[in-house]
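Spelled out from the first residue to the last, the chains are:
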Amino acid sequence: MGDVTRILKGLRAEDDPHAAEELASLVYEELRRIAACKMASEAAGHTLQPTALVHEAWLRLFPAGKARRFHSSKHFFCAAAEAMRRFLVDHARRKRAAIRGGNLQRVDGVDSPLFEIAHPAPPEEVLAVNEALKALAIRHPSAAELVNLRYFVGMDMSHAAEALDMSKRSAERLWVYARARLRQEIGNPTKN
Amino acid sequence: MKDEPLSPGHKECEIFLEVLEKTTPEERATYLDHACGDDRSLRSSIETLLQNHKDDDFLEVPAYKRNAAFEQPGDYIGDYKLVAQIGEGGWSIVYKAEQEQRLHRFVALKIVQIGMNTPEVIARFDVERQALALMEHPNIARVFDAGSTEAGRPYFVMELVSGVSITRFCDEQKCSIKTRLELFVPICEAIQHAHQKGIIHRDIKPGNILVTFIGGKPVPKVIDFGVAKAMQPLTNKPVVTAEGQFIGTPAYMSPEQAGLKGRGVDARSDIYHWGRCFMN
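Residues numbered from 1 in each chain as written. Chains lettered and ligands numbered in written order. Predicted model: local features only at pLDDT ≥ 70, side-chain atom pairs only at ≥ 80, totals over all residues. Heavy atoms only, no water.

Colleague: Honestly, the overall build of chain A in this entry has me stumped. Any pointers?
Modeller: Scanning chain A for helices and strands turns up eight helices and zero strands. Starting at the N terminus, the α and β elements of chain A follow one another as α-α-α-α-α-α-α-α. Of all 192 residues assigned to chain A, the portion counted as buried reaches 51%. Looking at chain A alone, contacts between residues at least 24 apart form 64% of all its contacts between residues at least 6 apart. (Helix = DSSP H or I, 4+ residues; strand = E, 2+ residues; numbered from the N terminus. Buried < 20%, exposed > 50% of the residue type's maximum accessible area, 1.4 Å probe, protein only. Contact = heavy atoms within 4.5 Å.)

Colleague: It is not clear to me how the overall build of chain B should be interpreted in this structure. Could you clarify?
Modeller: Helices and strands together make up the secondary structure of chain B, namely nine helices and eleven strands. Expressed as a percentage of the 280 residues in chain B, the buried residues total 46%. Nonlocal contacts in chain B, meaning residues at least 24 apart in sequence, comprise 53% of its contacts between residues at least 6 apart. Surface exposure of chain B reaches about 14,100 Å², of which carbon and sulfur atoms provide 52%. (Areas by Shrake-Rupley, 256 points an atom, 1.4 Å probe, with all protein chains shown as cover.)

Colleague: I keep staring at helix H3 (residues 50–61) of chain A and nothing clicks. Help me out?
Modeller: All names here are of chain A. The terminal C-alpha atoms of H3 lie 16 Å apart, and with twelve residues this matches the ideal 16 Å at 1.5 Å per residue to within 8%. The set of residues buried in H3 consists of Pro50, Leu53, Val54, Ala57, Trp58 and Leu61. The arc enclosing the buried residues of H3, seen along the axis, measures out at 140°, which places them on a common side. (Expected span 1.5 Å × (residues − 1). Arc of directions from axis to C-beta.)

Colleague: I'm lost on the packing of helix H5 (residues 123–139) of chain A against helix H6 (residues 141–153) of chain A in this one. Help?
Modeller: A pair of packed helices can be characterised by two numbers: the angle between their axes and the separation between those axes. All names here are of chain A. Taken N-terminus to C-terminus, the directions of H5 and H6 make an angle of 155°; their axes are 7 Å apart at the nearest point. In terms of orientation, H5 and H6 fall into the roughly antiparallel class. Two secondary-structure elements touch here, H5 through Glu125, Val126, Val129, Leu133, Leu136, Ala137, Ile138 and Arg139 and H6 through Pro141, Ala143, Ala144, Val147, Asn148, Tyr151 and Phe152. Per-class residue counts for the contact of H5 with H6 are twelve nonpolar, one polar and two charged. (Axes fitted to C-alpha atoms, helices over the stretch in contact; angles between N-to-C directions. Parallel < 35°, antiparallel > 145°, perpendicular 65-115°, else oblique. Nonpolar A, V, L, I, M, F, W, Y, C, P; charged D, E, K, R; others polar.)

Colleague: How should I be thinking about the pattern of salt bridges in this particular structure?
Modeller: Oppositely charged side chains are able to pair whenever their charged atoms sit close together. Across all of its chains, the model carries 21 salt bridges over all chains by this definition. Here B:Asp224 and B:Lys110 are joined by a salt bridge, their closest N and O atoms 2.7 Å apart. A residue pair is termed long-range when its members are at least 10 positions apart, and B:Asp224 in the loop between strand S9 (217–222) and helix H7 (227–230) and B:Lys110 in strand S4 (residues 105–112) qualify at 114 residues. A residue is classified by how much of its surface remains accessible, and B:Lys110, at 11% relative accessible area, is buried. Put simply, B:Glu182 and B:Lys178 hold a salt bridge, and the shortest N to O gap is 3.0 Å. Here B:Glu182 and its partner B:Lys178 are both found in helix H6 (residues 177–196), four residues apart, which amounts to about one turn of the helix. B:Lys178 sits in the exposed class, given a relative accessible area of 60%. Salt bridges sharing partners connect three or more residues here, namely A:Glu82, A:Arg85 and A:Arg86. (Salt bridge = Lys/Arg side-chain N within 4 Å of Asp/Glu carboxyl O.)

Colleague: Sorry if this is basic, but what is going on with the packing of aromatic side chains here?
Modeller: The relation between two aromatic rings is expressed through the spacing of the ring centres and the mutual angle of the planes. Tallied over the entire structure, the rule returns six aromatic pairs over all chains. Arranged with centres 5.9 Å apart and planes meeting at 55°, the rings of B:Phe169 and B:Phe213 form a pair that is tilted. Placement of B:Phe169 in helix H5 (residues 166–172) and of B:Phe213 in strand S8 (residues 209–214) is noted, with a sequence separation of 44 residues between them. Its relative accessible area of 5% is what places B:Phe169 among the buried residues. A cation over an aromatic ring shows up here: A:Arg150 above the ring of A:Trp175, its NZ or CZ 4.5 Å from the ring centre. (Phe/Tyr/Trp six-rings, centres within 6.5 Å; stacked < 30°, edge-to-face > 60°. Lys NZ or Arg CZ within 6 Å of the ring centre and 35° of its normal.)

Colleague: I would appreciate a short explanation of the nonpolar core in the present structure.
Modeller: As a rule of thumb, nonpolar side chains are buried together in soluble globular proteins. Core analysis: the largest hydrophobic core is formed by 80 residues, its most contacted members being A:Phe76 and A:Met84. At twelve residues, helix H4 (residues 72–101) of chain A tops the list of elements feeding residues into this core. When neighbours within four sequence positions are excluded, A:Met84 is seen to be in contact with A:Leu31, A:Pro50, A:Leu53, A:Val54, A:Leu114, A:Phe115, A:Phe152 and A:Val153. Grouped together as the second largest cluster of nonpolar side chains are 30 residues, B:Ile140, B:Ala146, B:Val222 and B:Val227 included. (Core = buried A, V, L, I, M, F, W, Y, C linked by side-chain atoms within 4.5 Å.)

Colleague: Sorry, what's going on with the environment of A:Ile186 here?
Modeller: Among the structural elements, A:Ile186 can be located in helix H8 (residues 168–187). Put simply, A:Ile186 and A:Asn130 are 56 residues apart on the chain and 9.6 Å apart in space, counted from C-alpha to C-alpha.

Dropping the structure here:
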């Protein structure tokens, strides 16, 4: 746990360029550990909810007390949402490859899945949203973070607002903007 | 909270949300004049955002929580009773369905999974409905109907073709060059037939050419005529054209499509697509 405090200090002081990356991998490992643990103890066919998984990782990595200072919630939840986004996008890529190729193909750089997803959105949708999000992240980073939390983690508006350290009203407004921007981006992608 | 003051989208976001609060077009225009001043690109960004502001379920359901409301065999879509799922693409699910009204027959029913711009998809299909009805060719699967489900997703009703894609068929059957050509020629004729009726497919690819057996002989059939075009902004990577949005499968796209010049897309595009398929 000492790690978390150190990484967050680095993030806050902005003197450690690797802090964000470190936090992301720490959070990812924690998510993976909890998921594996849950899958082992639950009956077959049980599906994990990313929202619950992320919440549990938060409680474990940030026990109430000193680690929760430094706006740690925002850093943590953004890292967790990022991990969840990567996982769901990899899942969509594998699924699309399976549809196109007729059978399962290896997609390079894909780890074993965090957990089974029972009801995924169509892979093309996930991949299109993911592409559009890259442009949104440059244009308006907080809007992209909000979409990650809502769409990939499945948080409701109040929780997402809390995680991003903003009012629910601000989150709702930002959501309206993010949706319009992403719909536009999916229809007419910005050229790179 | 301290928001990123330097993010380029911050200003357009603020103005866009402010415009939404204005109720009349006049108020909106006045506000936009005031807020954007001479910044034309900002103004056009905001206007595009306003066009893309819709009250539907886009992004509202998380990426891992789908299917719950989706159709099951036994459900009715319009006059059609779903029998079984027979295929799944990136954007759509295809069911074998039973038509009970008017004619009793089995059809293929393709339901687009995402509820974006359904009226636009249906409108594009309606434009071609008349021409599609005139198309009659043994190597073209008929498209009978289009509509939208209760949840607002578009669907298309087509002739049921039980077969596999042409490339898979050729590989599995280890077809000789002669057989391949025998399958190739009728497809050329089918595409020509459609072109004479003024219909361009726009997404000819192996997955859209199925080989079925009729009287013991393999018969290739082009599916999705009129459907691919209606669904364009949904399928695969979007490409902008001068006349609006359109999309195809990049590997089989003809140069004038890939070259972003929408105007140049005509019958020749399909011929190019088909040429590309044949090379496989």
